[in-house]
Amino acid sequence: MSARNFWTIFLKILGIWLVINGITTLTQFISAVSYLSFNEKENFLVFLYIAVLFILIIGVYYFIFRFFVFKTSWLIDKLKLENGFDEGNIGFNINGSSIIKIATIVIGGLIFINSFPLFCKEIFNYFQLKRMFNDNYSSGWIVLHFVKTVLGYLLMTNSTFVVRFIEKQDKEK
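Reading the values: rules and limits
- Along every chain, residues carry numbers that run from 1 in the direction the sequence is written.
- The model is predicted, so local features are restricted to residues of pLDDT at least 70 and side-chain atom pairs to those at 80 or more, both for listing and for counting; the totals for chains, interfaces and linings are taken over all residues.
- Hydrogen atoms and water are omitted, and side-chain values are computed over all heavy atoms in the structure.
- Put simply, a nonpolar core is a bunch of buried Ala, Val, Leu, Ile, Met, Phe, Trp, Tyr and Cys residues held in one set by side-chain atoms that sit within 4.5 Å of each other.
- Think of it in three bands: with a 1.4 Å probe and only protein chains considered, a residue is buried below 20% of the maximum accessible area for its type, exposed above 50%, and partly exposed in between.
- Each helix is a run of H or I in the DSSP string that is no shorter than four residues. Each strand is a run of E no shorter than two, and both are numbered from the N terminus.
- Between two residues, a contact is recorded if the distance between any of their heavy atoms is within 4.5 Å.
- In summary, the pairing rule links any two rings of Phe, Tyr or Trp, Trp by its six-membered ring, whose centres are within 6.5 Å, and it sorts them by plane angle into stacked for under 30 degrees, edge-to-face for over 60 and tilted for everything else.
- The pocket and cavity definitions rest on a 1 Å grid over protein atoms only: a 1.4 Å probe that fits but cannot leave marks a cavity, an open set with protein on both sides within 12 Å along at least five of seven lines marks a pocket, and residues lining either have an atom within 4 Å of a point.
- Grid points are joined across faces, edges and corners, and a volume is the space filled by probe spheres set on the points.
- Three classes are used: nonpolar for Ala, Val, Leu, Ile, Met, Phe, Trp, Tyr, Cys and Pro, charged for Asp, Glu, Lys and Arg, and polar for all others, with Gly counted as polar.
- The working definition used for a salt bridge is a side-chain nitrogen of Lys or Arg within 4 Å of a carboxyl oxygen of Asp or Glu.

Peer 1: Pulling in residues and values, what's your account of the nonpolar core?
Peer 2: In terms of nonpolar packing, the biggest core is built from 13 residues, with Ile16, Ile20, Ile107, Leu155 and Ile166 touching the most fellow members. At the level of secondary structure, the elements contributing two or more residues to this core comprise helix H1 (3-34), helix H2 (43-70), helix H4 (96-133) and helix H6 (159-172). If you tally residues by element for this core, the top one is H4, at four residues. Discounting chain neighbours no more than four positions away, the residues touching isoleucine 107 are Ile13, Ile16, Trp17, Ile20 and Leu155.

Printed below as a string of structure tokens:
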């Protein structure tokens with residue numbers, strides 16, 4: 001495996017990992033905005049500030065995904081990541097698709113392992129607080145952790161689809 005192939009695989013894995021973790025950041029941002037109270041005078045300015053900040057966050061994650069997953073060769077060239085390797089090849093005899101598939105399974109497993117216990121905890125809290133207070137306890141975190149659990153499971157079980165999608169997008173570029 002050449003140094004360029006190593007960096008390509010590494011950057012694609014890093015990009016996918018950062019974007020998947022960005023889902024948590026975006027949902028936390030949305031939930032924090034829902035708890036803000038607005039004054040009537042400053043309503044428009046606060047809304048504009050929040051909208052710009054939200055678009056900025058989505059833009060950053062879009063560019064991370066675009067450059068790290070789909071434009072890795074440009075990123076390798078600009079950052080000069082191939083420099084510093086004495087030999088042209090690194091001692092791996094594994095296909096790049098296999099490494100991306102393994103990384104997708106590992107990332108999916110980590111997401112599943114991190115979100116499933118939180119999902120169970122939020123369900124327990126929901127029923128416990130509903131029984132104690134008879135109020136409508138917010139189920140937003142339950143939905144978030146459920147989606148992350150399902151996403152982790154799907155990444156583990158459908159890793160070949162993810163690899164084909166990445167390779168298809170890479171060939172089109």
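Peer 1: Any chance you could break down the packing of aromatic side chains for me, citing the residues and the numbers?
Peer 2: Applying the stated rule across the entire model yields eight aromatic pairs. Ring centres of phenylalanine 65 and phenylalanine 70 lie 5.2 Å apart, and the angle between their planes is 90 degrees; on these two criteria the pair is classed as edge-to-face. Judged by relative accessible area, phenylalanine 65 falls into the partly exposed class, the value being 29%. Taking relative accessible area as the criterion, phenylalanine 70 reaches 12% and is therefore assigned buried. Centroid distance phenylalanine 70 to phenylalanine 165: 6.4 Å. Interplanar angle 80 degrees. Geometry classified as edge-to-face. Of the two residues, phenylalanine 70 is situated in helix H2 and phenylalanine 165 in helix H6; the sequence distance between them amounts to 95 residues. Taken together, Tyr62, Phe63, Phe67 and Trp74 form an aromatic cluster joined through their ring pairs.

Peer 1: Kindly report on the layout of surface pockets, identifying the contributing residues and their values.
Peer 2: Estimates place the volume of the second largest pocket at around 240 Å³. Ile16, Val19, Ile20, Phe65, Val69, Phe70, Leu151, Leu155, Phe161, Val162, Phe165 and Ile166 are the residues that line the second largest pocket. When contributions to the lining of the second largest pocket are tallied by element, the ones reaching two or more residues are H1, H2, helix H5 (140-157) and H6. Along the lines of polarity and charge, the residues of the lining of the second largest pocket split into 12 nonpolar, no polar and no charged.

Peer 1: Describe in detail the side chain of serine 159, supporting the description with residues and values.
Peer 2: If you trace the backbone, serine 159 turns up in helix H6. Under the relative-accessibility criterion, serine 159 is labelled buried at 3%. Other than its neighbours up to four places away in sequence, serine 159 contacts Lys101, Thr104, Ile105 and Leu154.

Peer 1: How would you sum up the pattern of salt bridges? Please name residues and give values.
Peer 2: Following the criterion strictly, the structure yields one salt bridge and no others. Two residues, arginine 4 and aspartate 77, come together in a salt bridge whose shortest N-O distance is 3.0 Å. Of this pair, arginine 4 sits in helix H1 while aspartate 77 sits in helix H3 (residues 72-79); the two residues are 73 residues apart in sequence, bridging distant segments of the chain.

Peer 1: Before we move on, could you go through the environment of glutamine 169 and cite the residues and values that matter?
Peer 2: Tracing the backbone through its elements, the reader meets glutamine 169 in helix H6. You can call glutamine 169 buried: its relative accessible area is 17%.

Keep in mind these numbers describe shape, not what the thing actually does.
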